[in-house]
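# Reading the structure
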Amino acid sequence: MTTITQNKVIATLKTISENELVSLLLKKDKRSFEYLYENYSSAIYGVILRIIRSEDMAEEVLQDCFLKIWNKIEDFDPEKGKLFTWMINIARNMAIDKTRSRDFKNKSKSDDIDFVVDNENGNLSEKFKIEHIGVKDMLKELNPDQHQLLDLMYFKGYSQSEISEEFDIPLGTVKTRVRAAMNILKKFF
Amino acid sequence: MNIEEYISSGIIESYVLGQLNIDESLQVEQMARLYPEVKNEINATEKAFQKYAEGYSVKPSPLVKEKLLSQINFKDESLKGKKSAKTIPINKNSSWKNLVIAASLTIAILSTGASVYFWQKWKETKSELEIAHASKAELAQSVNLVNQKFKNSSVQIEALNKQLAFLKDTNTIIVPLKGLPKNPNSLVLVAWNKQSQEVFVNTENLPTPPEGKQFQLWAIKEGTPVDAGVLELEDSFGLQKMKSIEGAQAFAITLENKGGSPAPTLEEMYVMGTL
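This one's a predicted model, so the numbers in the text were calculated from it and none came from an experiment.

## Thoughts on the sheet that holds strand S5 (residues 224–230) of chain B
Residue and element names in this part refer to chain B. Spatially, 8 strands are ordered S5-S4-S7-S8-S1-S2-S3-S6 in an open sheet, and the strand pairing comes out antiparallel. Looking at the sheet topology across the chains shown, the edges are occupied by S5 and strand S6 (239–242). This sheet shows a mean twist of 30° between the axes of neighbouring strands, independent of strand direction. As paired elements, strand S1 (residues 172–179) and strand S8 (residues 269–274) share 2 bridges and run antiparallel to each other. In the sheet register, Lys178 faces S8, and the bridge partner there is Met272.

Laid out in structure tokens, this is it:
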């Protein structure tokens, strides 16, 4: 019975564990890079695109970001957290840095118009529609304040005290709201 | 210092978003080592943010992948090397054992390190008080934390020594339980002493069970699962003593209703490993 259960389990195992992935990445194995790219590039690109809002530049940053991940994988410490967290923090920093560059400021003047991520109702344009239905439901549960808070923290790199200062909301209130928003996100798995 | 207050202070979110400086991050990491609740909260926060990010997923143009593949130098050996797969060391158990012993020693050193760290923190805090600008509430919290740490440390060291002796015992076998599709990232270690029949399990690597649920360890003997007790996930070192087990060919962990079940729910199997 033991072996039957185990074989069944192995047969259904479509993904490799994060630990295995990291050790293959450290060996500079090509398949591991392809696996990494297939599984994470859409989420990483989505975050970069939401920060940069220009496809050309976002793709450039995505490319640099994957090069950095590949070259710096030795710096990833699984003790400290998940691979996704580490990668997305690299991506966010690179994207935010890009928005501060001269290159970005010149470019965004010329091509604002062709890029509409979401209008005021929060609808996404057809091209960039949310792929995961479950996540869509999750985002709907957040009220506009919570949505804005998460957006500021996740995509704009604001700390909670910076939000408090910028929007003149007491820090305690910011913390309570963040907590409530996080609890909603956590409910969804 | 109340651990719930620490968790809800917003510091975990800032940590996961990479917004803390090195000192602050280090402190969160120390807390995560000392308190499974903190570790679990980091984990849950990471997952929540990951879900949030995935909500904005957009498939990039295939050109990006092409460019990357042409830019990177891959190691060819690892590509072809799969057939002549690397031999897995035969003495698997003892290398695991060494690993666990090393891990325990690390924990012992870390907890000493933490005491020193908190003591230094306390000194810093004290001088800040003299300078007088810091918030009183925060100071009180740090001092309480330091006091707690010192009170607990001798008890902790004694418990650690016992666990270390158990792990060093030549009759103790370490069984790695690997993550199943439900939970591919977990690796749980079970330490089982054939002679004394004692069983320990490291609980650190499992997700926080949902409300009303609890993880349960099973020993599988001749195809029949035997209850080895439920996991509390509250043990301060992440090593929990389980029910004694006479004989086993495998160990597995399933998610069950709080209090445990008489038979495992196989669809809810999280990790498994054979001897």
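## Considerations on the interface of chain B and chain A
Counting from both sides, the interface comprises 58 residues of chain B and, opposite them, 69 residues of chain A. Summing the contributions of chain B and of chain A, the shared interface buries around 5,900 Å²; its carbon and sulfur component is 64%. The largest contributions to the chain B side of the interface with chain A come from Tyr52, Tyr56 and Val58 of chain B, which together make up 12% of the buried area. Counting the contacts that link chain B with chain A gives 5 salt bridges. Note that Glu13 of chain B is salt-bridged to Arg179 of chain A, the shortest N-O span being 3.4 Å. There are 18 residue pairs in polar contact (both at pLDDT 80 or more) connecting chain B and chain A. Tallied by class, residues from the side of chain B that touches chain A come to 26 nonpolar, 17 polar and 15 charged.

## Topic: the pairing of strand S3 (residues 199–202) of chain B
Residues and elements named next belong to chain B. Every second residue of S3 is oriented toward a common face, with Val199 and Val201 on one face and Phe200 and Asn202 on the other, all of them buried. Sheet analysis places strand S2 (residues 187–193) next to S3, joined by 3 bridges and oriented antiparallel. From the neighbouring strand, Ala191 faces S3, where its bridge partner is Phe200. The antiparallel hairpin formed by S2 and S3 contains 5 residues in its connecting segment, where Gln197 sits at a positive phi of about 65°.

## Concerning the packing of helix H2 (residues 18–26) of chain A against helix H3 (residues 30–52) of chain A
Residues and elements named next belong to chain A. It is the contact of H2 with H3, at a shortest axis distance of 9 Å, that shows an interaxial angle of 130°. On the basis of their axis angle, the class for H2 and H3 is oblique. Packed against H2, whose contacting residues are Glu18, Leu21, Leu24 and Leu25, the element H3 presents Ser32, Phe33, Tyr35, Leu36 and Tyr40 at the interface. Looking at the contact of H2 with H3, its residues break down into 7 nonpolar, 1 polar and 1 charged.

What counts and what doesn't
Residues numbered from 1 in each chain as written. Chains lettered and ligands numbered in written order. Predicted model: local features only at pLDDT ≥ 70, side-chain atom pairs only at ≥ 80, totals over all residues. Heavy atoms only, no water. Pairing = 2+ DSSP bridges. Helix = DSSP H or I, 4+ residues; strand = E, 2+ residues; numbered from the N terminus. Axes fitted to C-alpha atoms, helices over the stretch in contact; angles between N-to-C directions. Contact = heavy atoms within 4.5 Å. Buried area = accessible area lost by both parts, 1.4 Å probe. Salt bridge = Lys/Arg side-chain N within 4 Å of Asp/Glu carboxyl O. Polar contact = N/O pair within 3.5 Å; in protein donor to acceptor, adjacent residues only side chain to side chain. Nonpolar A, V, L, I, M, F, W, Y, C, P; charged D, E, K, R; others polar. Buried < 20%, exposed > 50% of the residue type's maximum accessible area, 1.4 Å probe, protein only. Parallel < 35°, antiparallel > 145°, perpendicular 65-115°, else oblique.

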